[in-house]
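# Results of the structural survey
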Amino acid sequence: GAGVSQSPSNKVTEKGKDVELRCDPISGHTALYWYRQRLGQGLEFLIYFQGNSAPDKSGLPSDRFSAERTGESVSTLTIQRTQQEDSAVYLCASSLVGYGYTFGSGTRLTVV
Amino acid sequence: GDSVTQMEGPVTLSEEAFLTINCTYTATGYPSLFWYVQYPGEGLQLLLKATKADDKGSNKGFEATYRKETTSFHLEKGSVQVSDSAVYFCALRGETSGSRLTFGEGTQLTVNP
């Protein structure tokens, strides 16, 4: 596609529920990244996929967070048993290796 | 580990004023440095970058020079416009971090007519 598409754009969920966030990268981009931005804070790295290599999961904050990517296409970020501290904007980006990122507009997650 | 520190915001300026947003970093070796901009309701976009010491990145009237001796990459613009109102993020890609970027906290800029 023309850009990185994320869905939903907004999600309100009850504490304890599971949520799935989706990212459609730019076609042909081999690298895909998830970041989290809490209110008033910088972007926090979560996970990085590069082609068929094992993902870099070093930024995932707990085992409630997981992400999948099939080949070089769509990725889903799953948060199980959501907590209020999970409230944030979740940003996805894609790139060719060594080139600048293209970001999506993000999913604003609110846990009530 | 790698880290990026930006000047605290928000910053409010009048149109045609001079802009500086400070950015300093901590990293081993020679990282690549970036400025990203996020306009209201849009995703982050690459504004400019520099990949080695003393390089100057520039775009849309914005400039930043990679200063190894002061570990800085300050963003400047000589005359801001209302349309420059956005959040600006400084970022680095370390020598050992592959394609992964480390971001600063962002600085909100508001330019009034």
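Quick summary incoming for the structure in this document. (Residues numbered from 1 in each chain as written. Chains lettered and ligands numbered in written order. Predicted model: local features only at pLDDT ≥ 70, side-chain atom pairs only at ≥ 80, totals over all residues. Heavy atoms only, no water.)

## Describing the state of the cysteines
The condition that has to hold: We call a pair of cysteine sulfur atoms a disulfide whenever their separation is within 2.5 Å. A run of H or I in DSSP counts as a helix once it spans at least four residues, and a run of E counts as a strand once it spans at least two, with each numbered from the N terminus. Categorising residues by exposure relies on relative accessible area from a 1.4 Å probe, with only protein chains included: less than 20% of the type maximum marks a residue as buried, more than 50% marks it as exposed, and the intermediate range marks it as partly exposed.
One pass over the structure, following the stated rule, counts two disulfides over all chains. Shown here is the disulfide that connects Cys-23 of chain A with Cys-92 of chain A, its sulfur atoms set 1.9 Å apart. Handedness here is read from the sign of the S-S torsion; for Cys-23 of chain A and Cys-92 of chain A, about -65°, the answer is left-handed. Placement of Cys-23 of chain A in strand β3 (residues 19–24) and of Cys-92 of chain A in strand β8 (residues 88–95) is noted, with a sequence separation of 69 residues between them. Accessibility classification places Cys-23 of chain A together with Cys-92 of chain A in one group, the buried group. One disulfide bridge connects Cys-23 of chain B with Cys-90 of chain B, the sulfur atoms lying 1.9 Å from each other. Judged by the torsion about the S-S bond (-70°), the Cys-23 of chain B/Cys-90 of chain B disulfide is left-handed. Residue Cys-23 of chain B is found in strand β4 (residues 23–26), and its partner Cys-90 of chain B is found in strand β10 (residues 86–93); the two are separated by 67 residues along the sequence. The buried category is assigned to Cys-90 of chain B, whose relative accessible area is 1%.

## Some thoughts on the interface of chain A and chain B
The accessible area lost on association of the parts is a frequent measure of interface size. Note the cut-off: The contact definition used throughout considers only heavy atoms, calling two residues in contact when any of these lie within 4.5 Å. Accessible-area loss on putting two parts together, using a 1.4 Å probe and summing over both, is the definition of buried area adopted here. For salt bridges, the criterion is a side-chain nitrogen of Lys or Arg within 4 Å of an Asp or Glu carboxyl oxygen. Distance and chemistry together define a polar contact, namely a pair of N or O atoms within 3.5 Å, with one atom able to donate a hydrogen and the other to accept it when in protein, and with adjacent residues in sequence counting only for side-chain atoms on both sides.
In this complex, chain A contributes 20 residues to the contact, which on the side of chain B involves 14 residues. When chain A packs against chain B, the two sides together hide about 1,300 Å² of surface, and 52% of this comes from carbon and sulfur. There are one salt bridge connecting chain A and chain B. The salt bridge involving Asp-56 of chain A is made with Arg-100 of chain B; its shortest N-O contact spans 3.4 Å. For the interface between chain A and chain B, the tally reads five residue pairs in polar contact (both at pLDDT 80 or more). Listing elements by their share of the side of chain A that touches chain B, those giving two or more residues are β4 (31–37) and β5 (43–50) of chain A.

## Observations concerning the side chain of Arg-64 of chain A
Looking at the secondary structure, you find Arg-64 of chain A in the loop between β5 and β6 (65–69). Non-local contacts of Arg-64 of chain A, meaning those with residues more than four positions away in its chain, are made with Thr-78, Ile-79, Gln-80, Arg-81, Thr-82, Gln-83 and Asp-86 of chain A.

## So, the packing of aromatic side chains
Stated formally: Only Phe, Tyr and Trp rings take part, Trp by its six-membered ring, and two of them pair if their centres are within 6.5 Å. Stacked means planes under 30 degrees apart, edge-to-face means over 60, and tilted covers everything else.
Using the criterion set out here, one finds 14 aromatic pairs over all chains in the structure. Taken together, a centroid distance of 6.3 Å and an interplanar angle of 40° make the contact between Phe-34 of chain B and Tyr-36 of chain B tilted. Residue Phe-34 of chain B is classed as buried on the basis of its relative accessible area, which comes to 2%. Owing to a relative accessible area of 0%, Tyr-36 of chain B belongs among the buried residues under this scheme. Three or more aromatic residues joined by ring pairs form one cluster here, namely Tyr-33, Tyr-35, Phe-45, Tyr-48, Tyr-101 and Phe-103 of chain A together with Phe-34, Tyr-36, Phe-89 and Phe-103 of chain B.

## Some points on the sheet that holds strand β3 (residues 19–21) of chain B
Residue and element names in this part refer to chain B. Spelled out, the test is: At least two bridges found by DSSP between two strands is the condition for calling them paired. A fitted line through C-alpha atoms represents every axis, and for helices the fit uses only the stretch in contact; the resulting angles, taken between N-to-C directions, go from 0 to 180 degrees.
Across the sheet, which stays open at both edges, the four strands sit in the order β3-β9-β8-β7 with antiparallel pairing between neighbours. Edge positions in the sheet fall to β3 and β7 (56–59), since each of these pairs with one other strand and no more. Going across the sheet, the axis of each strand differs from the next one's by a mean of 20°, ignoring polarity. Relative to strand β9 (residues 75–77), strand β8 (residues 62–65) runs antiparallel, the two sharing three bridges. Bridge pairing in β9 places Phe-62 opposite Lys-77.

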